[in-house]
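Examining the three-dimensional arrangement
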Amino acid sequence: MPAAAVMKELRRGIAIPAHPLALTADGKFDERSQRALSRYYHASGAGGIAVGVHTTQFEIREPRHGLLRPVLQLAAETFHQLDRQANRRTVRIAGVCGRTSQAVGDACLARDLGYDAGMISLAAWKDGSDDQLIEHCKAVAEEIPIIGFYLQPAVGGRPLSIDFWRQLSLLPNLVAIKIAPFDRYKTHDVIRAVAEVERGDEIALYTGNDDSIVMDLLTEYRIQTGERAISLQMVGGLLGHWACWTQNAVQLLAQCHAARQNREISSELLTLATEVTDCNAALFDAANGFAGCIPGIHYVLKQQGLLASTRCLDPNLHLSPGQQSEIDRVRTCYPHLIDDDWVAEHLDDWMR
């Protein structure tokens, strides 16, 4: 997709699920289920897809697994075929990880496979200075448009200063930022930094705060910068939470867009915000420091028949004690947030 068209879609605000990795019970790459997941996201109306990110498991890059290219390539080919059939174009985002040499390699691979942007994880730079981080991001941005990523420390991220976000926002090839520190103060830091740079209105802001999805999508931030008052909003979501119950997530984003446009935020929508957060606490295993966040998503998808196994590349990664019962609880409590019946109706077609 041409850069201008990508930016138009990102600024419009779209639902971007983070694509999980499908494995068989014995740990092999399950291409059939992987394709089925891509078909599910496309049929759900997701405007974008993020592959090779935290939800896909960063370990796909390890030589013993060798799954980075196969996973990125399969998703790219599947979405290309689906888009051609539907006469649309899904925005394709690839995760970019590691120190600079690896990250540039990830970016080049993603670009060559037809991805539109690379989302940069800085987890490998635990002790890096702001200047080092910016030079790293510049090197990646020479190969592919980039999406900044504030990943919460509980799952491998690191604190990032407001000055870092100011400097990053100045890079002309930065097209969006996923804000996912799970922290109101740090969330505001990013938005303030974007507001304070001249090109801030060119950068699409996406919530990754799975614990506060609806409130992020409803909130207008008014930032005073000198004599100017800047208004910014998170226009969409790039979320692991949206890797399941995706059809409802797309509908939820449309509800939030309509409420903002009409300036009518109902009490029902605020109640819905708390229900979504309750679902996320179960999915992401908040009670255990998010240890089961990936297996929680896998469990839902397996229950729906989209995955054959909840297996992760790390055999020690599994549902935490009590997490399954919590997920079962929210599935019962909030049927309006669940797309089980719709998935069952189309599953055979997606699994072909």
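One can find the structure itself at the top, above this paragraph.
What counts, and where the lines are drawn
Residues numbered from 1 in each chain as written. Predicted model: local features only at pLDDT ≥ 70, side-chain atom pairs only at ≥ 80, totals over all residues. Heavy atoms only, no water. Helix = DSSP H or I, 4+ residues; strand = E, 2+ residues; numbered from the N terminus. Contact = heavy atoms within 4.5 Å. Phe/Tyr/Trp six-rings, centres within 6.5 Å; stacked < 30°, edge-to-face > 60°. Lys NZ or Arg CZ within 6 Å of the ring centre and 35° of its normal. Salt bridge = Lys/Arg side-chain N within 4 Å of Asp/Glu carboxyl O. Buried < 20%, exposed > 50% of the residue type's maximum accessible area, 1.4 Å probe, protein only. Pairing = 2+ DSSP bridges. Right-handed = clockwise from strand over helix to strand, strands pointing away. Axes fitted to C-alpha atoms, helices over the stretch in contact; angles between N-to-C directions. Parallel < 35°, antiparallel > 145°, perpendicular 65-115°, else oblique. Left-handed = near helix turned anticlockwise from the far one by under 90°. Nonpolar A, V, L, I, M, F, W, Y, C, P; charged D, E, K, R; others polar.

This brings us to the side chain of serine 169. Within the fold, serine 169 resides in helix 6 (residues 162-169). Once residues within four sequence positions are removed from consideration, serine 169 is found in contact with Leu174, Ile177, Val194, Val197, Arg199 and Ile203.

Further remarks concern the packing of aromatic side chains. What the rule picks out here adds up to 7 aromatic pairs. Each ring, one from phenylalanine 182 and one from phenylalanine 290, has its centre 5.4 Å from the other, and the planes form 85°; the classification is edge-to-face. Here the residue phenylalanine 182 occupies a position in the loop between strand 6 (174-180) and helix 7 (184-195), and phenylalanine 290 occupies one in the loop between helix 10 (267-283) and helix 11 (293-304), the gap between them amounting to 108 residues. Grouped by ring-pair contacts, the aromatic residues Tyr40, Tyr41, Trp342 and Trp350 constitute a single cluster. In this structure, arginine 99 is placed above the aromatic ring of tryptophan 125, and the distance from its NZ or CZ to the ring centre is 3.7 Å.

The final tally for this structure, using the stated rule, is 21 salt bridges. For the salt bridge of arginine 12 with glutamate 9, the shortest nitrogen-to-oxygen distance reads 2.8 Å. Taken together, the residues arginine 12 and glutamate 9, both in helix 1 (residues 3-12) and 3 residues apart, mark about one turn of the helix. Among the charged side chains, a network of salt bridges with common partners joins Asp163, Arg166, Arg192 and Glu196.

What follows is about the pairing of strand 4 (residues 117-120). Taking every second residue as pointing to the same face, both faces of strand 4 are buried, with Ala117 and Met119 on one and Gly118 and Ile120 on the other. In this sheet, strand 4 lies alongside strand 3 (residues 91-96) in parallel orientation, the contact comprising 4 bridges. Counterpart to alanine 94 in the pairing with strand 4 is glycine 118. This β-α-β element, strand 3 to helix 4 (residues 100-112) to strand 4, shows right-handed connectivity. Two elements, strand 4 and strand 5 (residues 146-151), share 2 bridges in a ladder whose sense is parallel. Note that in strand 5 the partner of glycine 118 across the bridge is isoleucine 146. Traced from strand 4 through helix 5 (residues 130-141) to strand 5, the parallel crossover comes out right-handed.

Okay, the packing of helix 4 against helix 5 next. Two elements in contact, helix 4 and helix 5, have axes whose closest approach is 9 Å; the angle formed by their N-to-C orientations is 25°. Classed by the angle they form, the pair helix 4 and helix 5 counts as roughly parallel. Between helix 4 and helix 5 the crossing geometry is right-handed. Between helix 4, through Thr100, Ala103, Val104 and Ala107, and helix 5, the contact on the second element is made entirely by His136, Ala139 and Val140. The residue makeup of the contact of helix 4 with helix 5, split by class, is 5 nonpolar, 2 polar and no charged.

With that settled, consider the sheet that holds strand 3. Strand order in the open sheet made by the 8 strands is 1-10-7-6-5-4-3-2, with parallel pairing throughout. Of all strands in the sheet, those bounded by a partner on one side alone are strand 1 (15-17) and strand 2 (48-51). Averaged over neighbouring strand pairs, the angle between their axes works out to 25° when direction is ignored.

Purely spatial values, then, with no claim about function.
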